[in-house]
Structure formats: C-alpha cells, structure tokens
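# A structural walkthrough
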Amino acid sequence: MKRPLIIAIDGPAASGKGTLARRLAEKFGLAHLDTGRLYRATGLAVLDAGGDPADPAAAEKAARSLDLSRLSDPRLLQEDVARASSVVAAIPAVRAALLEAQRRFAHHPPRPAKGAVLDGRDIGTVVCPEATAKLFLVAGAESRAERRVKELRRRGAVAIYDDVLQDMRERDARDSERRVAPLSAASDAVTIDTTSLDADQVFEQASDIIARRYGLRR
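This is a predicted model, so every value here is computed, not measured. (Residues numbered from 1 in each chain as written. Predicted model: local features only at pLDDT ≥ 70, side-chain atom pairs only at ≥ 80, totals over all residues. Heavy atoms only, no water.)

### Things to note about the layout of surface pockets
One number sums up the size of the largest pocket: a volume of about 1100 Å³. Residue lining of the largest pocket: 43 residues in total, with Ala14, Gly16, Gly18, Arg148 and Glu151 positioned closest to the centre. Elements with a contribution of two residues or more to the lining of the largest pocket: helix H1 (17-28), helix H2 (36-48), helix H4 (79-88), strand E3 (115-120), helix H7 (141-154), helix H8 (161-177) and helix H9 (199-214). The element best represented in the lining of the largest pocket is H7, accounting for 7 residues. Of the residues assigned to the lining of the largest pocket, the class counts are 11 nonpolar, 11 polar and 21 charged. (1 Å grid on protein atoms, 1.4 Å probe; cavity = no way out; pocket = protein on both sides within 12 Å on 5 of 7 lines; lining within 4 Å. Points joined across faces, edges and corners; volume = space filled by probe spheres on them. Helix = DSSP H or I, 4+ residues; strand = E, 2+ residues; numbered from the N terminus. Nonpolar A, V, L, I, M, F, W, Y, C, P; charged D, E, K, R; others polar.)

If you want it as structure tokens, here you go:
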C-alpha cells in the first residue's frame, strides 16, 4: 500500500503555521489536523473540571478521555485555554496519550484526502519523523505578539501588547525547555522566517519549496 503524503509544519505560537497548514491542505487535497487543538481541548477539559493544568494526574485523565467534539469548541481560542494547553503539553503522560491519535490521523486520513498536513510543535521530530515534507516556521516574539493582539482584538477580546508578549515568551520557554518533545526543527526541515512576510508570501514560498523539493505539483 502506498504511503500517504504527510506534510509536517512546526513552529512557535503565532508563527503562521496554522494558516499555512490549512491553505496547503486545500491546495494539495489533504486533510488537516491542528494538533495544538488537542492540547487546548485537554487544557479546557481540565479547567472545566475545576482542576489544575499543572497536575499530571488531572491532565492525563483529560487527555485519555478527550472528546474530539471539543476540537470545535470556540472557547479553545481563549488566552486562558492557550496558557493551560502550554502547561499540559509539557506533561509526558499527556503527550503520550495524544501521540497515537495524531499518528493515526496522519497515516489514515479521512477520505477522500490523499494525505495529511499536521501542524504543531513536534510533528517533524516526534509525531511523524517519516513525513514526506517538513517545514519549520519562525518569527520574532515581538512580531508574533503583534499578530496575536490583532487576532484577539478582531474577536472582540481585550488585548494588551505587553501582556501578550510576556505570555508569548513564557510559552516559548515552556515549549523549548520541556523534557519531552521540545520545540525544535527536524534536521531535514526547511525553515521559513515569517517575521516580515504576510500569509500569502508564506504560502507561496512554502508551496514552491514543497513543489521543488518534494516533487508535488503546484
């Protein structure tokens, strides 16, 4: 059986990987999984139960009993849920519980998709090290904080730049310094700096890289 096409996109928060993943999935006829939503849903489940996201037992329980219908909950976009997701994502038992679901989606994408695009923090290094194509998006913390502030304000939320920037830096530290599956570029990933690029420019650059390096039609 022919292996499915898998595109892995990693990077820190607000680097543009989610937008890029959705557009690449549409362009190449692939299914898309925002793996960050799995961790956000886990964090939300802990909060809804009145638990502490930093409690390994509570977080693992939430991950193992995760209701996938939560992936469409609009509350996943809230900043308190984003912070909780970063905390639960640093817990090894949570990552282990969610790993199989991610791999199953990548290797058995829903029909009629001929493959999958997964975006997250450790797709190219841990979840799908055998991915057909790997991209790693980076951008300065200040630029990413500006994007997040604009996003929050578009949704009607109150957002203070300094607070968002501080939160961004704390999340970067947790993601990069955690013991299990830290945020890092795979050795064979292509890095794209999105600091001074808009979404269309990132999409064009990524599409070109995938088409040229991995033999996919543009």
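More follows now that the structure is in view.
### Some details on unusual backbone geometry
The step from Arg111 to Pro112 runs through a cis peptide bond, and the omega angle for that step is 5 degrees. Here Pro112 shows up in the loop between helix H5 (92-107) and E3. One non-glycine residue, Ala14, lies in positive phi territory at about 65 degrees. Mapping Ala14 onto the fold places it in the loop between strand E1 (5-10) and H1. A residue is classified by how much of its surface remains accessible, and Ala14, at 17% relative accessible area, is buried. Positive phi outside glycine occurs at Ala181, with the angle close to 50 degrees. Within the secondary structure, Ala181 is located in the loop between H8 and strand E5 (190-193). (Buried < 20%, exposed > 50% of the residue type's maximum accessible area, 1.4 Å probe, protein only.)

### Describing the nonpolar core
Counting 21 residues, the largest nonpolar core has Ile7, Ile9, Leu20, Leu24, Leu135 and Ile210 as its most contacted members. Of all the secondary structure elements, the ones that give two or more residues to this core are E1, H1, strand E4 (133-138), E5 and H9. With residues near it in sequence (within four places) discarded, Ile210 still touches Ile7, Leu24, Phe28, Ala133, Leu135, Gly215 and Leu216. Among the nonpolar cores identified, the runner-up in size contains 16 residues, and Leu38, Ala59, Val81 and Val88 belong to it. (Core = buried A, V, L, I, M, F, W, Y, C linked by side-chain atoms within 4.5 Å. Contact = heavy atoms within 4.5 Å.)

### Details of the packing of H1 against H9
Between H1 and H9, whose axes approach to 10 Å, the crossing angle comes to 50 degrees. Considering the angle they form, H1 stands oblique to H9. Viewed along their axes, H1 and H9 form a crossing whose handedness is right-handed. Of the residues in H9, those touching H1 at Thr19, Leu20, Arg23, Leu24, Lys27 and Phe28 are Ala199, Asp200, Val202, Phe203, Ala206, Ser207 and Ile210. Classifying every residue of the contact of H1 with H9 by side-chain character gives 8 nonpolar, 2 polar and 3 charged. (Axes fitted to C-alpha atoms, helices over the stretch in contact; angles between N-to-C directions. Parallel < 35°, antiparallel > 145°, perpendicular 65-115°, else oblique. Left-handed = near helix turned anticlockwise from the far one by under 90°.)

### Notes on the pattern of salt bridges
One pass over the full model with this rule turns up 17 salt bridges. Asp48 is the partner of Arg75 in a salt bridge, and the nearest nitrogen-oxygen pair spans 3.0 Å. Remark: Asp48 occurs in helix H2 and Arg75 occurs in the loop between helix H3 (56-64) and H4; sequence separation between them is 27 residues. Residue class for Asp48 comes out partly exposed when judged on its relative accessible area of 40%. Within the structure, one salt-bridge network assembled from shared partners comprises Asp48, Arg70, Asp73 and Arg75. (Salt bridge = Lys/Arg side-chain N within 4 Å of Asp/Glu carboxyl O.)

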